[in-house]
Amino acid sequence: MRTPRGVLIAGLLAILVPAAPARAVEYRLQVANLWESALYPYAKTAELSDGASGPGLERLEASLDQGAMPHAVLLHDRTLRWSSEAVARAYGTVRVLAEITPAGEGKRWDDVRWDGKPGERSVWMVLPTGSGRPQRLHRILLKGEGPLRQFMPFVPVRGSRSAAVKYPLDFLWFHQERGQIWDRYVSGSLDLGQGLGAVVGENVNQFFPDQVYLIVQQAAQPTTYKAVLLWRDPAYNFEAPQNPANPIQR
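Residues numbered from 1 in each chain as written. Predicted model: local features only at pLDDT ≥ 70, side-chain atom pairs only at ≥ 80, totals over all residues. Heavy atoms only, no water.

**Here we look at the overall build of the chain**
Here is step 1: Per the secondary structure count, the chain includes 5 helices and 11 strands.
Here is step 2: Across the 250 residues of the chain, 45% fall into the buried class.
Here is step 3: Residue pairs in contact within the chain that sit at least 24 positions apart in sequence constitute 73% of those at least 6 positions apart.
Here is step 4: Total accessible area on the chain stands at roughly 13500 Å², and carbon and sulfur atoms take up 55% of it. (Helix = DSSP H or I, 4+ residues; strand = E, 2+ residues; numbered from the N terminus. Buried < 20%, exposed > 50% of the residue type's maximum accessible area, 1.4 Å probe, protein only. Contact = heavy atoms within 4.5 Å. Areas by Shrake-Rupley, 256 points an atom, 1.4 Å probe, with all protein chains shown as cover.)

**Notes on the nonpolar core**
Here is step 1: Membership of the largest hydrophobic core comes to 29 residues, with the highest contact counts inside it found for L29, W114, W124, L214 and L229.
Here is step 2: Listed by contribution, the elements that provide at least two residues to this core are β1 (25–35), β4 (110–116), β5 (121–128), β6 (136–143), β9 (196–202), β10 (211–217) and β11 (223–232).
Here is step 3: Counting 18 residues, the second-largest nonpolar core is a separate cluster that includes V87, I181, L192 and V199. (Core = buried A, V, L, I, M, F, W, Y, C linked by side-chain atoms within 4.5 Å.)

**A word on the pairing of β4**
Here is step 1: In terms of burial, β4 is a largely internal element, 5 of the 7 residues being buried.
Here is step 2: Two elements, β1 and β4, share 7 bridges in a ladder whose sense is antiparallel. Bridging across to β4, V25 finds its partner in G116.
Here is step 3: Inspection of the sheet shows strand β3 (residues 100–101) paired to β4 by 2 bridges, in the antiparallel sense. By the bridge assignment for β4, I100 is matched with V112. (Pairing = 2+ DSSP bridges.)

**Things to note about the environment of A72**
Here is step 1: On the secondary structure map, A72 appears in the loop between α2 (55–65) and β2 (78–82).
Here is step 2: Using a relative accessible area of 67% as the deciding quantity, one classes A72 as exposed.
Here is step 3: Considering only alpha carbons, one finds A72 and W35, 37 residues apart in sequence, at a separation of 8.6 Å.

Right, dumping it as structure tokens:
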């Protein structure tokens, strides 16, 4: 049996001796931006269902890992960036400052590594550097704690949840400036069950690309997260075929 003196000493030690700080864990995020047409040589019909995974998507992932994805389907004007303090606060995340290695020299992924605490969230942005084509993010492949899965971002309705959701970009900006986008809207619609989710800001100006916010739910162990963003032209931008007998003069 413990003596009262022993209990007192143990209590004082618990107060005076600081608890060991939580161990930092290394995380990694890899992002690739491709024309949507790059998906179809790999994916089977069943893998185009929302949330689906399969061997075709695994082959696409391996092609990116090996630097074998053709240059013709790569988009280099979408830049992975860390978030501003205001954006991190609006999404209820920690702000991470880390060196981002862009794709190039045989590499197909934008790549970033950082040390963080398990259970915290971080937010990363994919922003266009201009008004280049294509402008619409049509599909997205996400890999967190599980296989690569395919999603089509949608506007949440009636309490629906998904790992990829879409809002008008002006709407996101409005509520980000007020610091309430996560608590009021995104937290109830974004499914982070696999550790990675995407919030797509749909640009109402169809001459400019959408913007993407990638939310990482930091796991208890070192984890590599992956996102493949698949873009297409908006409907208005499809060019009509020319009549060979009456070509359009430019």
